[in-house]
Amino acid sequence: MPELSDVTRGRILYGGDYNPEQWPRSVWREDVRLMREARVTTATVGVFSWARLEPRPGARDFGWLDEVLDLLHEGGIEVCLATPTASPPPWLGARHPETLPRDERGATVWYGSRNQFCASSPLYREYALRITEDLADRYGGHPAVRMWHVGNEYSTHCWCDTTAGHFRRWLRARYGGLDALNEAWGTAFWSQRYDSWEEIIPPRRAQYLINPAQALDFRRFTSDALLECFTAERDVLAARTPHIPVTTNFMSMFIGQDGWAWAAEEDVVSVDLYPDPKDPHAAAYGAMVQDLTRSQAGGPWVLMEQAAGPVNWRGVNHPKPPGLMRLWSLQAVARGADGVCFFQWRQSRQGSEKFHSGMVPHAGEDSRTFQQVRGLGAELRLLDGVVGRGVPARAALLHDWHAWWATVQDGRPSARLDYPQVVRAWHQALWEENLTTDFAHPHADLSDYALVAVPHLYLLTDEALDNLTGYVRGGGTLVCGFFTGVADEHDRVRPGGVDRRLRDLLGIRTVHEWWPLDEGETLTAHGPSWPAGFTATLWSEDLEPSTAETVARIKGGELDGGPAVTRNRHGAGTAWYVSTLPEPAALRALLARAAGEAGLRPPLPGIPDGVEAVSRGDHLFLLNHGRAPAAVPLPSARTDLLTGRVYDTQVHLDRYAAVVLTPLESPHPKGAAPCTEPPESSS
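Values in this document were obtained by computation on a predicted structure and should not be read as measured data.

Observations concerning the layout of surface pockets
Roughly 720 Å³ of volume is contained in the largest pocket. Around the largest pocket sit 25 residues that line it, and Gln22, Phe48, Ser87, Ser113 and Gly351 are the ones nearest its centre. Tallied by class, residues from the lining of the largest pocket come to eight nonpolar, twelve polar and five charged.

Some details on a nonpolar patch on the surface
A grouping of Phe189, Trp190 and Tyr208 is seen on the molecular surface, where their side chains present a nonpolar patch of about 410 Å² in accessible area. With respect to the element layout, Tyr208 can be found in the loop between helix H8 (178–185) and helix H9 (212–240).

With respect to the pairing of strand S24 (residues 630–633)
Side chains Ala630 and Val632 of S24 all project onto a buried face; the interleaved residues Ala631 and Pro633 project onto a face where none is buried. Sheet analysis places S24 next to strand S27 (residues 650–653), joined by four bridges and oriented antiparallel. By the bridge assignment for S27, Val632 is matched with Val651.

Thoughts on the environment of Gly377
If you trace the backbone, Gly377 turns up in helix H13 (residues 368–380). The sequence separation of Gly377 and Glu183 amounts to 194 residues, and the corresponding C-alpha distance is 58 Å. In this structure Gly377 touches Tyr14, Ala38 and Arg39, once residues within four positions along its chain are discounted.

Considerations on the nonpolar core
Of all hydrophobic cores here, the largest spans 191 residues; its most connected members are Leu72, Trp185, Leu383 and Trp426. Here the element with the most residues in this core is H9; it accounts for ten residues. In contact with Trp426, not counting residues within four places along its chain, are Leu397, Ala453, Val454, Pro455, Val479, Cys480, Gly481, Val578, Leu581, Leu587 and Leu591. Membership of the second largest hydrophobic core comes to 15 residues, among which are Ile607, Val611, Val632 and Leu653.

Some details on the pattern of salt bridges
Under the defined criterion, the tally for this structure stands at 47 salt bridges. Linking Glu183 and Arg492 is a salt bridge whose minimum nitrogen-to-oxygen distance equals 3.6 Å. Note that Glu183 is positioned in helix H8 and Arg492 in the loop between strand S13 (477–481) and helix H17 (500–506), a separation of 309 residues in sequence. Judged by relative accessible area, Glu183 falls into the exposed class, the value being 55%. For Arg593, the salt bridge identified is with Glu597, shortest N-O distance 3.1 Å. In this pair, Arg593 and Glu597 are both assigned in helix H18 (residues 584–597), four residues apart and thus about one turn of the helix distant.

So, H8
Each full turn of the α-helix corresponds to 3.6 residues, which orients residues three or four apart in the same direction. For H8, the full list of buried residues reads Leu178, Leu181, Asn182, Ala184 and Trp185. Burial along H8 is one-sided: seen end-on, the buried residues are contained in an arc of 165°. Projecting away from the buried face of H8 at angles above 90 degrees are the exposed residues Asp179 and Glu183. In this structure, the buried residues of H8 make contact with helix H7 (161–175) and H9. Residue Gly186 follows H8 closely and has a positive phi angle near 60°.

Topic: the side chain of Glu266
On the secondary structure map, Glu266 appears in the loop between helix H10 (259–263) and strand S7 (270–272). For the buried Glu266, no salt bridge exists, and the shortest N-O distance to an oppositely charged side chain is 9.1 Å, to Arg234. Side-chain polar atoms of Glu266 contact the backbone nitrogen of Thr248, separated by 2.7 Å. Beyond its immediate sequence surroundings of up to four residues, Glu266 is in contact with Met1, Phe230, Val246, Thr247, Thr248 and Phe250.

Quick word on empty space enclosed by the protein
Applying the stated criterion across every chain yields a total of seven cavities of 30 Å³ or more. Of the volumes computed, that of the largest cavity is approximately 100 Å³. Lining the largest cavity are 13 residues, and of these Phe250, Met251, Met253, Gln296 and Trp401 lie nearest its centre. Broken down by element, the lining of the largest cavity gets its largest block of residues, four residues, from helix H11 (residues 282–297). For the lining of the largest cavity, the residue count by class is eight nonpolar, five polar and no charged.

Some remarks on the packing of aromatic side chains
In the structure shown here, the tally under the stated rule is 27 aromatic pairs. For the pair Phe167 and Phe218, a centre-to-centre distance of 5.2 Å together with 85° between the ring planes defines the contact as edge-to-face. Remark: Phe218 occurs in helix H9 and Phe167 occurs in helix H7; sequence separation between them is 51 residues. A relative accessible area of 4% places Phe218 in the buried class. A ring pair is formed by Phe483 and Trp514, whose centres lie 5.1 Å apart and whose planes are at 80°; its orientation type is edge-to-face. Taken together, the residues Phe483 in the loop between S13 and H17 and Trp514 in strand S14 (residues 508–514) connect sequence positions 31 residues apart. On the accessibility criterion, Trp514 (26% relative accessible area) is partly exposed. Positioned above the aromatic ring of Tyr127, the side-chain terminus of Arg130 is 5.1 Å from the ring centre. It is Arg346 that lies over the ring of Trp23; its NZ or CZ is 5.4 Å from the centre.

About the thresholds
Sequence order sets the numbering: in each chain, residues are counted from 1 along the sequence as written. Confidence filtering applies because this is a predicted model: local features only for residues at pLDDT of at least 70, side-chain atom pairs given and counted only at 80 or more, and all residues used for totals across whole chains, interfaces and linings. Only hydrogens and water are removed before side-chain values are computed, so all heavy atoms of the structure are retained for them. In this analysis, the protein atoms alone were mapped onto a 1 Å grid. Cavities are point sets where a 1.4 Å probe fits without being able to get out; pockets are open sets with protein on both sides within 12 Å along at least five of seven lines; lining residues have an atom within 4 Å of a point. Grid points are joined across faces, edges and corners, and a volume is the space filled by probe spheres set on the points. The classification used treats Ala, Val, Leu, Ile, Met, Phe, Trp, Tyr, Cys and Pro as nonpolar, Asp, Glu, Lys and Arg as charged, and all other residues, Gly among them, as polar. Residues enter a patch when their relative accessible area is above 30% and they make no salt bridge; the linking distance is 9 Å between like charges and 5 Å between nonpolar side chains (Val, Leu, Ile, Met, Phe, Trp, Tyr). Shrake-Rupley sampling with a 1.4 Å probe provides the accessible areas, and residues are treated as covered by the protein chains on show and by no other component. Definition used for salt bridges: Asp or Glu carboxyl oxygen within 4 Å of a side-chain nitrogen of Lys or Arg. Strands here mean DSSP runs of E at least two residues long; helices mean DSSP runs of H or I at least four residues long; both are numbered from the N terminus. Only protein chains enter the calculation, and the probe is 1.4 Å; a residue is then buried if its accessible area is under 20% of its type maximum, exposed if over 50%, and partly exposed in between. At least two bridges found by DSSP between two strands is the condition for calling them paired. By the convention used here, residues are in contact when the closest approach between their heavy atoms is within 4.5 Å. By nonpolar core is meant a set of buried Ala, Val, Leu, Ile, Met, Phe, Trp, Tyr and Cys residues that side-chain atoms within 4.5 Å join together. Each direction from the helix axis to a C-beta atom contributes to the arc, which is the arc of those directions. Counting rule for charge: Lys and Arg are taken as positive, Asp and Glu as negative, and neither His nor the chain ends is counted. Under the rule applied, a polar contact is a pair of N or O atoms within 3.5 Å (in protein, one hydrogen donor and one hydrogen acceptor; residues adjacent in sequence only if both atoms are side-chain atoms). To pair, rings of Phe, Tyr and Trp, with the six-membered ring standing in for Trp, must have centres within 6.5 Å; the planes then decide the type, stacked if under 30 degrees apart, edge-to-face if over 60, and tilted in the middle. Throughout this description, the term charge over a ring refers to an Arg CZ or Lys NZ atom that lies within 6 Å of the ring centre and within 35 degrees of the ring normal.

In structure tokens form, the structure reads like this:
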């Protein structure tokens, strides 16, 4: 089975989406020249070129693509060749409207944008496989082609009759018979019992609330239906080019795909990542997405898309200050990326994304953006030693798309409970402590982790509950967040409101009531670790401990004196329970305490806030996300791979600056001298 190392071959991939069909031929040679200047290794070609490749049904226009691939190969640029199936040509929708998706109301979602296909449409799949087969047959042996990119950001949804038939077949395979489906869906409620498979439809617009178990299964089905589209194209490519790895690009924390299931079907895991430069917590968000992607990949991964400057889809699209593009690119490498790519190479002059930045912006090669692109390409060539290296992590954060899907149903205790918000808050607390964190599926082997955090998993299967129990009993430290273990895999509330196994593990006798908080409402909690108290938001619970000690109590309000945070010994391990969302400083302190008791330490203790420290192999990345310079103490002398400088006792980092340190084999290598001066500004 091919893998990412077959593409990287000991160097970091660098490049971006290249759309030459948007430009006259006279620009193509100029593009290759500039790519070589920028040290680009890889261009992703053809993502949205279906209408150019197949201008009418069955026709093929490959001449332009032949020329582009030959030019790139002559210039030493390798190609990640895309199947163009994310954006069918207008003729497909015009001639075959049955291939177009329909929304919950039954209205057709027309062509004129992208992703305008029904994943269940046999005709769409037939046309998609035909163009994929022809691309593989024509270019599978081209020396420039090193990786396949199938589709793009799979995200379409459909509620049409064809989808309904596909959904029924999926349900038959899942449940076997209608009795099992009726039991799983709880159709005794509101007289929803089904007597025939043909009665079942997708959860279309209804008079009132949709059956939540039906809606949960439809999300599962939609992820699987899209995955069928991906694997069908992948199998065509693998049959013809078994030596070339295949990827498709995930979106950051996207609800629509079960990322664990999808990653298992890819040779290379890749993601698109677009933090907002104005977000003060953007670096923490980027680290979270990177940690999740590395965990899905089980090792190195590819940053398939990021922005060289502003995007075009926010209300206000902010540019990146000088140095920030470099910093965030190095952050991705630090957290396991063996490829750093952009959307796109040359900024479009027309179309919906003409104000989305490119590596070559409208201002051209003399622009500050392109100078930074060129500088980054040169620096990445100095980091070949990190390629293929792992990122050690002894903390894990549990994440499950099925649990996420179950939390977005109507009729919940609080519509304010936002799953990604809670996960992001917990990961950020660990990130601020410089505790590198993996993500893990609730069924995964957790034995190698000293600390496991569960911010919020409303839905937990029996297997997951037994897994957590065994982990703590065997000596692990678990920190569990609120409203967890409430429902089984069918969104059926567990007896007692929270599963008995989890209550025993946490030392909780009863959760009497969930007590969600309004917008702007807070509670205050006190404990020995927080003598001044801390505030919390979003959620609280009226719970009664059994064997757990109360670490922090609620002060004031209806739940005055009740536990906010508890701690319980279970077997050889420890289980904490956090029944609210503490303010960031308090959540950080709580997780730091639990991690410290579990024996976890950051790779470099005592560094200033705003500086990120990540180990990859024997390389230590220090990244200053702050706007002010920072001084970072070092326990021993190290060399910066980016500059060759030796630092004895500390490193001075300007704002948005970064160093990649490696241990010295001797006090000072020949020709190297210790340095205590600040490195050059990243800007």
